[in-house]
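# Structure assessment
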Amino acid sequence: MSSDQPQCEQLTSWGGLRHLLTLEGLPRDMLVDLMDRAEAYLRAAGEPPARDDALVGRTVANLFFEPSTRTRASFELAAKRMNADVLNLDVNTSSRKKGESILDTIYTLQAMQVDVFVVRDASAGVPALIASEVQPHVSVLNAGEATVSHPTQGLLDLMTIRHHKTDFARLAVAIVGDIAHSRVARSAAQGLHTMGTRDLRLVAPPGLEPDPACYPGARITNDLNAGLAGADVVMTLRIQNERLREHETLIDAAEYHRQYGITRERLLRAKPDAIVMHPGPMNRGVEIASDVADGPQSVITEQVTNGLAMRMALLATVIETRQQR
Amino acid sequence: MSSDQPQCEQLTSWGGLRHLLTLEGLPRDMLVDLMDRAEAYLRAAGEPPARDDALVGRTVANLFFEPSTRTRASFELAAKRMNADVLNLDVNTSSRKKGESILDTIYTLQAMQVDVFVVRDASAGVPALIASEVQPHVSVLNAGEATVSHPTQGLLDLMTIRHHKTDFARLAVAIVGDIAHSRVARSAAQGLHTMGTRDLRLVAPPGLEPDPACYPGARITNDLNAGLAGADVVMTLRIQNERLREHETLIDAAEYHRQYGITRERLLRAKPDAIVMHPGPMNRGVEIASDVADGPQSVITEQVTNGLAMRMALLATVIETRQQR
Amino acid sequence: MSSDQPQCEQLTSWGGLRHLLTLEGLPRDMLVDLMDRAEAYLRAAGEPPARDDALVGRTVANLFFEPSTRTRASFELAAKRMNADVLNLDVNTSSRKKGESILDTIYTLQAMQVDVFVVRDASAGVPALIASEVQPHVSVLNAGEATVSHPTQGLLDLMTIRHHKTDFARLAVAIVGDIAHSRVARSAAQGLHTMGTRDLRLVAPPGLEPDPACYPGARITNDLNAGLAGADVVMTLRIQNERLREHETLIDAAEYHRQYGITRERLLRAKPDAIVMHPGPMNRGVEIASDVADGPQSVITEQVTNGLAMRMALLATVIETRQQR
């Protein structure tokens, strides 16, 4: 893997967004600009979705080396509503033996004049590796990278929080779940940090706490009640049983729910107007009670809508950056 | 499953078609209107196919929880020729554990502003369940539901029959095969009933006869010759060996052909101008002889062409209904 | 399989290209015309790709009965950039039991008004069989046929050679690898023959030499050094281990590289301005050294770019042929 500083490589020399690899190091103004642009793509339910000609004649390749339904659908519709040509390649990881062959796939698609690669991969460093090798006019969007980064999710989370809460600096945000392996938590924390949020609580079961070095300034705890106390935002993470098993912290779903599930009673510890977030897909009755998921404080489907708008904003932005080069 | 009366829920209060879940209870005028609209989309072979801008800016999601090539292709081309954005999701049933998760997939796609869900599922009640949960501006088209319903197939069958035979009330129609498990037979019978056909013969091998309550007024028999006598329309069904095995009526293909296969000799029992139909894909030499499938009385490829036109008509109709709300 | 002379059947009575089944028998003028047309679709890297309205309202079905990423992506983008409606059907060979069912799939899609079938199949004769059965206005493009033919690859190879070398008649071309099972070698040799190349060397490991009757006039050898001596073009083929194993000539990858891999030292035996070609995907370090693949003599990514342009040219040509009928 060629790069230690993806955060530098994603910007052009004059500061335009060329790739989106990580939220780490992205300036606050750029985050705000992306949120503003994405909001401009929102429409009321029932109205036709926003369209934009920014990608007419451009080609977007969705390269998903890890299975995904919702993120792939979101990027696919974002590209189609911007009138791009879209190529979906669901590549089984098992058919990939060595690092070089990913790059040969990229060189091949680049030779077919793909403009934007949307990449999801189970190995850390793959989006940055690809970004370091593509031609100057090609962009890479990270659609989920191992346990490291999921920057489009982070941006849609920020956008959703901003819609409900005005001042990031005054927020108390609790993220609950397997923080150690969560790219969602990592990207959210990086974005919140840039936006000025100082009160971040990371609530994880014993053994699933993150490396504190990855979350400077955050409070790491096993105590859900303490984490939720007075929170403005409660973000609960999907429990991935196969991952828990790997790490020998096998937890029964019912037991997990009892200890770390977000229920109506537990939510009373947060502020009365706290919002509840989940990146999906949910295990109802495990990390979140069904009545909370569907309740008045839930903004979960709003996150999905914002995600598509944010991906449209990102596509428009990287194509614009390219035109300014 | 929430609904006992999908036939009521598919119409708006003023009688517009919002969802297509079943042909049961659809008024005769609506069937005629759909056939008229679909016919307007037919073109001569070699001419460019009909196009329509009725779905510009709309999104159609094909959710196939059961594998399908022809029905999926038909819906996909129908949507593309109406200039919709199309999202294909071939979801493996095994990845679906409980009822709720289907709905969460639907809520997610709805939050991405999908306008029409085309749903095929192996469980009874799923299209109606989805229809009962989507937002008011969203439509559901049933593309095959367990052994219960396949209404777009029923409509294309009616359209094909109408093209060749003028008066439904005077027709004798024979449906031959595993009636007990056939959604194709169910939907055809419902449509024929509404159109006024009174002479319906259901010919099934012993053990595969349907529940008579599902086919009021039909003649159910094991005797193929009696069923074919004087028929205007002969519809033969695909034999699904795996299903036969399940029901312990294991029949050898050659033996099935000998007893229930439609051959040239057998077809002589029907009217000289009888048409032969099959929903496809065919097992040639099993339920139908190859020379009958390709013979002058066969309207099998016409059914396929009509199917695509009918799916265009349905997409146009539900979008129009929505605009009139 | 119905046809012994696909080369006759692919042209109309007045000599227009209706199907592309094989390069065998295609007149030199037609090859030149296709190369000229394809070159007109080339654009500089970073510029928007060429587009063409020649296929507006037309439907292209990609029927891949053998898995493929690059060829399918190339045809898909070619069709989309010509504004066709595109249907992708990746059909698992295992789900196909007898010859007739392929044709029934074709009849079905034809009834949905598909205009062009792009077909890849592991059985010899399938593209010609389909071409012999479709309606007069429908075209078939062979996207890879068993070990027999890969004509679009042959055309892109010719186009790439022509760009670098002016006179086919004076060229010495070496093709290296498992010639016995290579459809790429077969199509390249047929095209080169038509263009006037007389010095063709086929270098294969013992046991993998081709039937000389398939390569009239070519020199067949096991000696790589002799094959490369003074060559203008070095085309190396992908080693398919599973195929080697079948033919009991199991060769270890490192041993293959030592004996038949194209390395910098070996390349010194060819002319100094020799170009190096590979159809992809590459096994770096097996049939080709990585520094050769990425070196100044390599035209491998150019082949990919030319391939997409050639497929656009072919789609435009068969649609034009149809309009002249």
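The structure displayed is predicted, hence computed values, not measured ones.

### With respect to the domain arrangement of chain A
Residue and element names in this part refer to chain A.
- As far as domains go, chain A holds domain 1 (28-147 + 306-323) and domain 2 (151-303).
- The straight-line distance from the C-alpha centre of domain 1 to that of domain 2 is 26 Å.
- Summed over both sides, the interface between domain 1 and domain 2 buries roughly 2000 Å², with carbon and sulfur atoms accounting for 58% of that surface.
- Contact with domain 2 buries surface across domain 1, with Met35, Thr147 and Asn306 losing the most and accounting together for 34% of the total.
- At the surface where domain 1 touches domain 2, the tally comes to three salt bridges.
- When the shortest N-O distance is used, the salt bridge between glutamate 66 and arginine 183 registers 3.1 Å.

### A short note on the relation of the copies chain A and chain C
- With an axial shift of 0.0 Å and an RMSD of 0.0 Å, the rotation relating chain A to chain C amounts to 120°. Here the copies are linked by what is in effect a three-fold axis. Taking C-alpha positions as the reference, the residue of chain A nearest the rotation axis is Asn88(A), at 6.2 Å.

### Some remarks on the interface of chain A and chain C
- The partner chain C presents 23 residues to the 21 residues of chain A that form the contact.
- Between chain A and chain C, the buried area comes to about 1900 Å², and carbon and sulfur atoms account for 54% of it.
- Three residues stand out in chain A for area buried against chain C, namely Asp85(A), Met112(A) and Gln113(A), and they jointly supply 31% of the buried area on that side.
- Arg284(C) serves as the salt-bridge partner of Asp104(A), at 2.7 Å between the closest nitrogen and oxygen.
- On inspection of chain A and its partner chain C, the count reaches 11 residue pairs in polar contact (both at pLDDT 80 or more).
- The class makeup of the residues in the side of chain A that touches chain C is eight nonpolar, seven polar and six charged.

### A few points about helix H7 (residues 183-195) of chain C
Residues and elements named next belong to chain C.
- Relative to the 18 Å expected for 13 residues at 1.5 Å per residue, H7 spans 18 Å between its end C-alpha atoms, a close match to the ideal helical length.
- Within H7, 10 of the 13 residues are buried, leaving the element largely enclosed by the surrounding structure.
- For H7, the complete set of buried residues consists of Arg183, Val184, Ala185, Ser187, Ala188, Ala189, Gln190, Gly191, Leu192 and Met195.
- Of the residues trailing H7, glycine 196 is marked for its positive phi of about 100°.

### Looking at the side chain of His137(B)
- Inspection of the secondary structure puts His137(B) in the loop between helix H5 (126-133) and strand S4 (139-145).
- For His137(B), a relative accessible area of 15% translates into the label buried.
- Separated by 3.3 Å, the side chain of His137(B) and the backbone nitrogen of Gly46(A) make a polar contact.

### As for the pairing of S4(B)
- Burial analysis of S4(B) places seven of its seven residues in the buried class, the great majority of the element.
- After leaving strand S3 (residues 116-121) of chain B, the chain enters H5(B) and then returns to the sheet as S4(B), a path that is right-handed.

### A short note on the pairing of strand S8 (residues 233-236) of chain A
All names here are of chain A.
- Of the two faces of S8, the one carrying Val233 and Met235 and the one carrying Val234 and Thr236 are both buried.
- Both strand S5 (residues 172-176) and S8 contribute to a ladder of four bridges, which runs parallel. Of the residues in S8, the one forming a bridge with isoleucine 175 is methionine 235.
- Of the strand pairs in this sheet, S8 and strand S9 (residues 275-277) are connected by three bridges, and their pairing is parallel. Bridging from a neighbouring strand, valine 234 pairs with valine 276 of S9.

### Some thoughts on the packing of helix H2 (residues 28-40) of chain B against helix H6 (residues 151-164) of chain B
Residues and elements named next belong to chain B.
- One way to put it is that H2 packs onto H6 with a least axis distance of 10 Å and a crossing angle of 75°. Here H6 runs roughly perpendicular to H2, going by the angle between their axes. Within the contact between the two elements, H2 uses Leu31, Val32, Leu34, Met35, Asp36, Ala38 and Glu39 and H6 uses Leu155, Leu158, Met159, Arg162 and His163.

### With respect to the side chain of His181(A)
Residues and elements named next belong to chain A.
- Along the chain, the position of histidine 181 falls in the loop between S5 and helix H7 (183-195).
- Overall, histidine 181 belongs to the buried group, its relative accessible area being 12%.
- Within the local environment of histidine 181, its side chain forms a polar contact with the side chain of aspartate 178, the two groups lying 2.9 Å apart.

### Structural notes on the sheet that holds strand S6 (residues 199-203) of chain C
All names here are of chain C.
- Spatial strand order, S7-S6-S5-S8-S9: five strands in an open sheet with parallel pairing. Edge positions in the sheet fall to strand S7 (219-221) and strand S9 (275-277), since each of these pairs with one other strand and no more. The mean angle between the axes of side-by-side strands here comes to 20°, regardless of whether they run parallel or antiparallel.

### Topic: the pattern of salt bridges
- Counting across every chain of the model gives 54 salt bridges over all chains.
- Across the salt bridge formed by Arg51(C) and Asp85(A), the nearest N and O atoms sit 2.8 Å from each other. Remark: Asp85(A) occurs in strand S2 (residues 85-90) and Arg51(C) occurs in the loop between helix H2 (28-40) and strand S1 (59-64); the pair is interchain, linking two chains.
- Look at Arg51(C) and you get partly exposed, because its relative accessible area is 32%.
- Within the structure, one salt-bridge network assembled from shared partners comprises Asp33(A), Arg37(A) and Glu320(A).

### Observations regarding the sheet that holds strand S3 (residues 116-121) of chain A
Residues and elements named next belong to chain A.
- Spatial strand order, S2-S1-S3-S4: four strands in an open sheet with parallel pairing. Each end of this open sheet is capped by a strand with a single partner; those strands are S2 and strand S4 (139-145). Taken over all neighbouring pairs, the strand axes of this sheet differ in orientation by 15° on average, direction set aside.
- Relative to S2, strand S1 (residues 59-64) is paired through six bridges, and the arrangement is parallel. Each bridged residue has a counterpart across the sheet, and for leucine 63 the counterpart in S2 is leucine 89.
- Taken strand by strand, helix H5 (residues 126-133) contacts S3 and S4, and its axis lies near 170° from that of S4.

### Some thoughts on the packing of aromatic side chains
- Under the criterion given, the structure shown has three aromatic pairs over all chains.
- With a centroid separation of 5.8 Å and an interplanar angle of 35°, the aromatic rings of Tyr256(B) and Tyr260(B) are classed as tilted. Placement of the pair is Tyr256(B) and Tyr260(B) together in helix H10 (residues 253-260), with a separation of four residues, close to one helical turn. The same class applies to Tyr256(B) and to Tyr260(B), which are both buried.
- Above the face of the Phe75(A) ring, Arg311(A) is positioned so that its terminal group lies 5.0 Å from the ring centre.

Rules used throughout
Residues numbered from 1 in each chain as written. Chains lettered and ligands numbered in written order. Predicted model: local features only at pLDDT ≥ 70, side-chain atom pairs only at ≥ 80, totals over all residues. Heavy atoms only, no water. Domains from an automatic or database assignment. Buried area = accessible area lost by both parts, 1.4 Å probe. Salt bridge = Lys/Arg side-chain N within 4 Å of Asp/Glu carboxyl O. Least-squares fit on C-alpha atoms with pLDDT ≥ 70 in both. Contact = heavy atoms within 4.5 Å. Polar contact = N/O pair within 3.5 Å; in protein donor to acceptor, adjacent residues only side chain to side chain. Nonpolar A, V, L, I, M, F, W, Y, C, P; charged D, E, K, R; others polar. Helix = DSSP H or I, 4+ residues; strand = E, 2+ residues; numbered from the N terminus. Expected span 1.5 Å × (residues − 1). Buried < 20%, exposed > 50% of the residue type's maximum accessible area, 1.4 Å probe, protein only. Right-handed = clockwise from strand over helix to strand, strands pointing away. Pairing = 2+ DSSP bridges. Axes fitted to C-alpha atoms, helices over the stretch in contact; angles between N-to-C directions. Parallel < 35°, antiparallel > 145°, perpendicular 65-115°, else oblique. Phe/Tyr/Trp six-rings, centres within 6.5 Å; stacked < 30°, edge-to-face > 60°. Lys NZ or Arg CZ within 6 Å of the ring centre and 35° of its normal.

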